[in-house]
Structure formats: C-alpha cells, structure tokens
Amino acid sequence: MFNRKMMGTALLCCSLGFTSLPLLADDGGKGLTIAQERKQRDEGWADSESKTTMVLRNAQGAESKREIRTLSLEIKDEGDKGLTIFDEPKDVRGTAFLNHSHVGKPDDQWLYLPAVKRVKRIASRNKSGPFMGSEFAYEDLSSFELEKFKFNYLRDETMQDLPVFVVEQTPTDEFTGYSKTIAWIDQKDYKVLKVEYYDKKNALLKTLQMLDYQLYLNKFWRPLKLSMVNHQTGKSTDLLVHEIQFGKGRTEADFDTNALMRAK
Amino acid sequence: MKEFWLTGALRHPYWTLAWVLALAFAMAFGAKNLYFRGDFRIFFSPENPQMQTFDKMQARFNKSDNMLVAITPASGDVFDPKVLAVVKELTDAAWQTPHSLRVDSITNFQHTAAVDDDLQVEDLLLELSQLDAAKAANIKAIALAEPALVGRLVSHDGSMTAINITVQLPEKDQNQEVSDVYNSVRALTDRLAAAHPDLTFYHGGVIALNNAFSTEAKNDVESLVPLMFVVIVLMLGYMLRSALAATAVVIIIVLTIIATLGLAGWAGLFLSTATVNVPTIVMTLAVADSVHLIASTQFLLREGLTKPEAIKKAVRINTMPVLITSVTTAVGFLTLNFSEVPILRDLGNMTAVGVMLAWMFTMLLLPALLMVFPISHGYAEPTDKATQMDRLADWVIRHHKAILPLTAVITLASGWLMLQNKVNDEAVKYFAPATEYRQSVDVLEQKLGGVSLIDFAIDSGQPSGVNDPVFIKAIAEFALYLQTLPEVTHVSTISDVFKRLNKNMNGDDPAFYRLPEQQDEAAQYLLMFEMSLPFGLDLNNQLDLDKQATKVSVALKNLGSTQMLALEQKARSWMAEHYPQYAMEASSTALMFAHIGERNMTSMIQSLPLAMFIISALLVLSLKSWRLGLISLIPNLVPAVIGFGLWKLWSGEINLGLSVVASMSLGIIVDDTVHFLAKYKIARDEGRDTEQAIRYAFHSVGHALLITTVVLVFGFSVLILSNFRLNSDMGLLTGMIIVVALIIDLLFLPAFLLQFDRSKKTAAASTTSGEKHHV
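Positions within a chain are numbered from 1, following the residues in the order the chain's sequence is written. Lettering for chains starts from A, numbering for ligands starts from 1, and both go in the order in which the items are written. Restriction of local features to residues with pLDDT of at least 70 applies here, the model being predicted, together with a cutoff of 80 or more for giving and counting side-chain atom pairs; totals for whole chains, interfaces and linings are based on all residues.

Looking up chain B in an unreviewed UniProt entry gives the name RND family transporter, with the organism given as Rheinheimera riviphila. According to UniProt, the comment filed for chain B under the heading Subcellular location (unreviewed entry) is "Cell membrane". UniProt positions are given in the numbering used here, feature names are shortened, and annotations may be inferred rather than shown by experiment.

Following this line, the structure appears as structure tokens:
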C-alpha cells in the first residue's frame, strides 16, 4: 500500500546518488519472517505500567533528568495504546501524552495541559521529532508493527555471546526521520539488543542499546535500560525503567481523551 | 671547522653536494606530515578566553556552524509561487548536505496556528500541490509579519530569501569536511541556477568563510609562489649576469624552501592562509645571502684571483655580515611568538627557520656549487653608478643641516598619524572586494540585513528557569533593548516564541500576543510546541538541556571590531544594571575576531621593545661599538613610524597581519644600517673623518643597498597581489617600510652622523674610548 511513496523516495534517493535502498527485499522473505516471529512472541501481554527516569546528556556529559510513568494497552491487529504522564520537571507535572498507534495510517496523539486544563491534538507529522527533548523520537518509542517497515535480513552475527540476526528495516511512512534502521535481534528469545538509525542522507545518526533484559510473566522480555547515543551531536539519552507491572486490568476507557484529564 | 669544511667543499665539491642534498632531503621528508587547515579556529589558541566561551556555548546549545544560501529573483518578489517552489526544493534537498543537522527556510518554518481549538504546527509550505496564488499570498503575509523570519531568512521587502543549513562537523579532517559541505551545497545551487536563470544565488555563513580561507590560500600557492619564482630568477639574471650563478642561487632557494616546509612538518605544524606565503617570504630573504657571496666571488675573480681563492676569500669576508643580518631577520620574525594568533606564530617560526637555513645552505653548499659551475665574472659596475652614489653623498653632506630637522618633523607628524590608526579585525574584510565570498556577503548585508552575529547566552540559575515568567520578561526586555540599537538588524529570542504560543493557545486572539503569566502555563505551552516539531527543527539551538539557559542571537550591520566590542559592552552593562541575578555570556566568530585584534595588538606592542633590545644588542656586538649601536636605534625605528604614519593616510585600519609588521620589518631593515655603519666604521677606524667615512660608505655599499632593497620590495610586492588582506596588507606595509628604511639610511643616517659623530676627527679615533669595547 505504500509502494507508490516508497518508489518515489527510492527514485529521489537514487537520483541523489544513494542506491542502497532496496526496492524489494532480496532475502527470500527471511527478514519479514524474523520480524513476524518477534512480533508473535510478544503477543498477549495485555497491559502494563512502568516508571521511568529519563537521563539526558549533552556532548560534555552534563545531565538533566525527567521522571515519567507509562501505561500501555495491547490492541490485537491494531497499534497499541499508550499514556505517558510527566512527573518531573515540576512545571510540567501532570501533563499527559496519549498515543494511539495505528497500522496503515498515522498515529493519533493528544496532550493534556493541566495548567489550562485542556486536551490538544498533536499532528503526527512530528513522529520524527524528539520526545521531551531527548534523543528518542516518537517513532523510536511507538509500538512495533510489521506494517511500519520493509524488512531485509542481512546476516548472522554474535553479540554479547549470543547468536543474533541482523535485519535492515526501512520505514514505510513518509514522515519518518530515517532512511533505514538496522536491528540486532537475539536468535533465541528475539530480544532486540541494538538498533542503528540512519538519517535521510543515509549517515549513521543514532545507536540504541537495550540492556538489563528481564523476563516477565515467564514470557515477555523487557529491557530495563535503553541507551540512545546520537553520533552527530554527541548527545545521549538513557531510559531507566524502575518497575514494570503487568495485568492491572486496564481497558480502552483508560486510554481515551477523557481519561487524559483524570490521569495523575 | 669553517676552514675545514670550506677546504673540503672546494676540493670535493661533489661529495659536499651529496652530503648537503642528503641533509636537505632528510629535512624535506618531514613535509609528508604537513596538512592544510582553512577553518577560522586557526586564528585562536586553545587558551584564548573568547574561544573557550565560544566552545562552551557550542556545547551548551547546538553548534551554530552554518552555510547560508540566499536567493534573489529578478522579479524582486520571493513570494512568487515559482520562486517558493524552488525554495522548497532547495530546502528539502539541503537535508542531504553532508554533516547537516537542520535546514531552516521560509518554507519549512514551523508556523503555529489555532485550528479547531488545537495547536497546529506545520511547515509554512508543506506540499507543493497546495501552492497557488492565494497560498503564496498567505505565506507572504505570515512570513513578513514573523519576527523570527524577517531580517534573517527573508528581507523586509521580500526581495531576498535565505536558506540556513546548520552543520556539525565531526572535526576529524576539518578541511575536507568544510569543502564537502561547501561543494555539496554549491552543486545544488549551481543546478538550480542553471534551471532557473532568473534567480541569483549567494553563499554565506561560517562554512563559506572557512571555504574562502582555503580557496584564497590555494590561490596564493598557485599564483604567488610561481610568480615570486619568476621574479627572483629575472632579478638574479640581471644582477649576476650569469645564468649558472643564478641557477646556483635557485638551487639554494629550492633547498631552503623544501627544508623549511619539511622541518615544519617534522615539528607538527600545518599550513594555513598565513603560512602558505612562507616560501614567498623566505625566497625574498634568502636571495640576499647568496647574492652577496656570488657578487664578492665575481668581484674577486675580476681582481684576478683564481677560482678557489676567490671563493675562499668571498666566504671569509661575507660569513659574519651575512650571519648577523640573517640572525637579526630571524629575531624579528621570532618575536611573532608573542602574537595571540597561533598561525602568525607559525609564520614567524617557519620564516625564522627558513632564514637560518638559507644562511646555512649558502655557506655549506654555495662554495661547492660555484666550484662546479663555470660561472662568469659578472660585470664590472659601470663607474657612473658609483658616481651617482658619490654625488648623493656630496648632496647629503651639503644639506645635512636641513635633512635633520626635516626628518624630525616628518617623523613626528608620522608618529601622530600612526597613533590615529585603528585596530580593526573583521573576518569578512580579510577578503578583497573581488573575491566571491566578499561579494556574496556584501549583497547579503545590503539586502537581508546583518550577517555578523553575536550570541548571548543568559542563564536563569536553575533548571526549567527559562519558563519562569520573571526570566522570560527579562529576556523580552533585553531583546527589546537590543532592537533599539541602530547597529542591530535582527534579534532572535525565545520570548517571541512564548508570545506566539500564548496567542495560538487562545484562539489566535492578537490580544494574547504577550508573555504567559504562570510558569506551568509557559512550560506546558513550550512542551506542547516542542512535541509538535519534526526532526531537526527542535529548540535545542535556543534552549539548553534542562532549560536553564537560553540563547539570544543578534544580527548586526557589518561593524568594525571597535564598535562590535562597544556593542557587547553595552549589552553586558544593560543586563548587569537591570537583571544582575542572571549570568550572561557573549560569543560569535565575529566577536572572537574583534577581540583577537585588540589582544594581539597589545601583545605585539609589548614585544616590540624586546625585539629592539635584542637586535640592538646584536648590532653593538657586530659593530663592536656601543656608540654606533645606539645611533642605529634611530634609523631602525623611524621607518616603521613613517610607514605606519603613511598607512593612516592609505587605510587607517590595522588588522592582525599588520600588527606583526613592526617587529618583523625591524629585523629586515636593520641589515641596511649594519652594512652602512660597518663600512663607515672601517673608514673611521682607518682614521678618516666623518665626511670621508660617509663618502666611503656610500661608495662601497650604497649601490648594494639599493639592489637588496629592490629585491625585498619586489618580493613583498608579490604578496600585495593576494586576495587575502592579511597577506596583501602585510606585503604592502612591509614593502613601504623597507623603502623608507633605505631613504632614512641614505639621507638621515649620514646627516645624523655628521651632526653627532663629529668629535673624533683625527687618526686617534680608532683608539678612543667608547669605540673599543670589544666583546
């Protein structure tokens, strides 16, 4: 469904001298198979809640911290829903961000501003923009959906003593900030260990490392530390997840715009 | 040792040749380490306080290295849909620029509006398909009313628009990175210019400046160095009347230059806009050594000596004078080490080493070369030339009573004029009006407004302090104050963003175009806006990581460095008076150049007495006379005073290149005095009176001084052809001072001696006290 746009992007890139974007995956569908397995293994977690500290660092190592809480709801055959509540800095405490991921159309996003007690919709063209001034873009944090990428298996490698698949993922959305991402996926549990992000001029922009994986409900692997480094600016952001709880019985009613105003 | 080498050189010239060539090539091999740097940072040492502030601000906020592309349509209206389409095309394509972080233009300006109670944040021109006459008119209305755009990315009258490409260079091979960025953007604009002949493109920004530094240095290497070579060869041929003798000198010069560059490479130095002309300067200075030696040899050959005898004697009588003049020249250049500017220190050190190498190669190799080459006897100087000098001597002796007061008056007047010169360092003005960079920047300034910037970083003192209404108010008032200054053409401030957001969040009601009153309100509006911005267009260039500080960018008319420093001071005073609780720092490349000019001038003026002292001490040593050493101070100082006085009439602006001319030229012009006084002293020691001694000095060195002056003036005149004003001004003023020095040495010095060195007229002169303090 995105072929026309993809073609346009590819033609543009070719005309500018970049020919590394594949029009068709030539890996016999292996990349897609790996992605399907990854997606399938993570199904059934229903809902979760977590507390996270966001540590922003500039190239000189100066730090700034933010505290957030995140509620997530799994939606079958459609993008997940997420609600993020800001606790720190104080002057944005109570501000809540609601995201409805979609498959095949742009996400819906709203922000609740407690200072004026109003909910405002945010345009989804910003998906390439930074989340709370961090090195994470919205699209880096949005739920993993097969339709958002074209996959191309590159090779096997070993990482942290584990055999991994190296898979190239080309975003299908025209508002993406990337030409491609490359993911290192552990072959046993399909945990994503590392992701490299390439900008629109095909230069390495960022690297994400996912560390301290914990197993929840005997099935779901979650990293407790996500470390994103921007190679072009030298800035970095760590997401430190303190506690994750599953099965709190959340429903879609907790994730509509009315719920935003109740979130605390 | 000297005799041993000399005898060996004459007996085994080919062995000597082999040894010296091996030595020269061992030195020259270091050239493999040489590289070129064209970025503006080479003007600043790591300890430079303005450089440190600059780096600190670049670290705190995103880097501000940029390339600016401006477009002027022939129609005079950038809001013509056809022009807007090109702007959008260029904006989108510019993201492909190597090392680019963000691209800003009127088409991707993140326009905010209230739409159905939501905050719409969108490119001013998002889709080309939207573009029609009505949309273009709408864009025009918004853009020309937007304080963030007018005077920065679009001119007040809408006749010029600019696309700003912010880059962050990895700084691994900066020269390569600069040219990658520049060439990538140039390829893009050249293509668009070919497709749209009605549009004119201009290039500015730090990248264009750095690129211009490299381009002009390259032009200097490609045009000035070969030209200098041609000039030298022609002059040598004329002076020596022997192609082979000239060839010998060329060999010495070539060895000197490759060894100089090689040693610079071994020392870990790099080439820059200042040091690419070291070969030209070294060539100029090196010629004299060889010419003295060859001319003496030819003279002795004409006297009937055999070749080995003639060479031996020529070396013997020239070793000391050539050494002294080389050392004084080297000392003059070594005082450049007091400069605040690293590349001027490099220039001084490389030239000093080159001058000494020239002396060494002349002494080591030239005797062997003269032995091998069948050189001609040169030509006997026509006697009428000698009588010209004799007539000049008579004239000076006759008029010396008038010459002295006249020189005094001229010197005093020049001294007064000299003090009227103003230190001025504007990187833009380092480039001749003929250069493409200068032309672009001049048009940019004229149409768009100021191209030189000052960034003020204001620290609220606490995290999230930028959202504090008191702080925002301070920033808004500061911006308002800056706008009242006549030099300021544009102020970019976060307070304008807050006002706009407040209006948008209140249904675009113009009454709400004011600052939010509560901190949480301000913080959440800003968060909302930030979360709506796409890749690369965030607020990191205006706010730091934890929103403790903000950067206010001020665009200025092209100011001299004095006015720029005054403006910085005014801004600081305003802040200190009204909001002493907030710390403020100021920085920008233009401001750094403004400071470096002043700092460098101060340090060079302080170093001048030291140079005077060392050089005078050397003169006392070589002349073996306190009295003559002291007398020589005057003819050595006066030329620089008159030179800088004339400079006031010519230009009146002293830049980095000129600040080093005084001590640099001192080491060169001292040679004239040495030669003149040495001959004068010989005559006095032989018992002649002052008048006769002066006649003898004129007769024996007058013509030689004229010739060496011509060589030096030609050499430094070649630098005048540089499009880089630090080099061309330096060449011009040094040349002027050298001419003045010759006039002073031939007119004033003898007159002075007649007046003040008269007492010992008898043959006893040579034994009187004061003349015999040999060391």
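The discussion continues.
Visitor: Please clarify how the packing of helix 19 (residues 626-650) of chain B against helix 21 (residues 661-685) of chain B should be interpreted in this entry.
Guide: In helix packing, the relevant descriptors are the interaxial angle and the interaxial distance, both defined with respect to the helix axes. Residues and elements named next belong to chain B. Axes, fitted as lines to C-alpha atoms, cover a helix only where it is in contact. Angles between the N-to-C directions of the axes lie from 0 to 180 degrees. Secondary structure follows DSSP: runs of H or I at least 4 residues long count as helices, runs of E at least 2 residues long count as strands, and numbering of each begins at the N terminus. Following both chains from N to C, one finds helix 19 and helix 21 inclined at 135 degrees, their axes separated by 9 Å at the closest point. Classified by the angle their axes make, helix 19 and helix 21 are oblique. Crossing handedness for the pair helix 19 and helix 21: right-handed. On helix 21, the residues that touch Leu628, Ser632, Pro635, Asn636, Pro639 and Ala640 of helix 19 are Ala662, Ser665, Leu666, Ile669, Val670, Thr673, Leu677 and Lys681. Among the residues making up the contact of helix 19 with helix 21, the classes are represented as nine nonpolar, four polar and one charged. Angles are sorted into four bins: roughly parallel if under 35 degrees, roughly antiparallel if over 145, roughly perpendicular if 65 to 115, and oblique for all others. Handedness of a helix crossing follows the sense of rotation of the near helix relative to the far helix, less than a right angle counterclockwise being left-handed and clockwise being right-handed. What counts as a contact here is a pair of residues whose C-beta atoms, placed from the backbone, lie within 7 Å. Residues are grouped as follows: Ala, Val, Leu, Ile, Met, Phe, Trp, Tyr, Cys and Pro are nonpolar; Asp, Glu, Lys and Arg are charged; every other residue, Gly included, is polar.

Visitor: Explanation requested: the pairing of strand 3 (residues 110-115) of chain B in the structure shown.
Guide: Two faces, one strand: in a regular strand the side chains alternate between the faces of the sheet. Residue and element names in this part refer to chain B. Strand pairing is defined by DSSP finding a minimum of two bridges between the two strands. Direction of pairing for strand 3 relative to strand 4 (residues 118-123): antiparallel, over a ladder of six bridges. Looking at the pairing, Val115 lines up with Asp118 of strand 4. Between strand 3 and strand 4, which pair antiparallel in sequence order, lie two residues; one of them, Asp116, sits at a positive phi of approximately 50 degrees.

Visitor: Sorry if this is basic, but what is going on with the UniProt feature "domain: SSD" (unreviewed entry) in chain B here?
Guide: Residues and elements named next belong to chain B. Residues given the UniProt feature "domain: SSD" (unreviewed entry) here are residues 246-372 and 628-755. Taken end to end, residues 246-372 comprises 83% helix and 0% strand; its first and last C-alpha atoms sit 14 Å apart. Annotated as residues 628-755, this span is 89% helix and 2% strand, and its ends, taken at the C-alpha atoms, are 14 Å apart.

Visitor: Can you help me understand the sheet that holds strand 6 (residues 199-204) of chain B in this one?
Guide: Adjacent strands of a sheet pair through backbone hydrogen bonds, lying either parallel or antiparallel. Residues and elements named next belong to chain B. Taken in spatial order, the four strands of this open sheet run 2-5-1-6, and their pairing is antiparallel. Each edge of the sheet is formed by a strand with only one pairing partner; in this case those strands are strand 2 (100-104) and strand 6. With strand direction ignored, the average angle separating the axes of adjacent strands in the sheet is 20 degrees. With four bridges joining them, strand 2 and strand 5 (residues 161-167) adopt antiparallel strand pairing. If you follow Arg102 over to strand 5, its bridge partner there is Thr166. Those strands touched by helix 7 (residues 206-240) are strand 1 (66-73), strand 5 and strand 6, and its axis lies near 100 degrees from that of strand 1. Set on the sheet, helix 13 (residues 436-448) makes contact with strand 1, strand 5 and strand 6; between it and strand 6 the angle comes to about 105 degrees.

Visitor: Help me understand the packing of helix 17 (residues 561-578) of chain B against helix 18 (residues 589-623) of chain B, please; the structure alone is not making it clear to me.
Guide: Residues and elements named next belong to chain B. Put simply, helix 17 and helix 18 touch, their axes get as near as 9 Å, and they point 110 degrees apart. With respect to helix 18, the element helix 17 is oriented roughly perpendicular. Here helix 17 and helix 18 pass one another in a crossing that is left-handed. From helix 17, Ser561, Met564, Leu565 and Glu568 reach across to helix 18, where they touch Ala590, Leu591, Phe593, Ala594 and Gly597. Residue composition of the contact of helix 17 with helix 18, grouped by class: six nonpolar, two polar and one charged.

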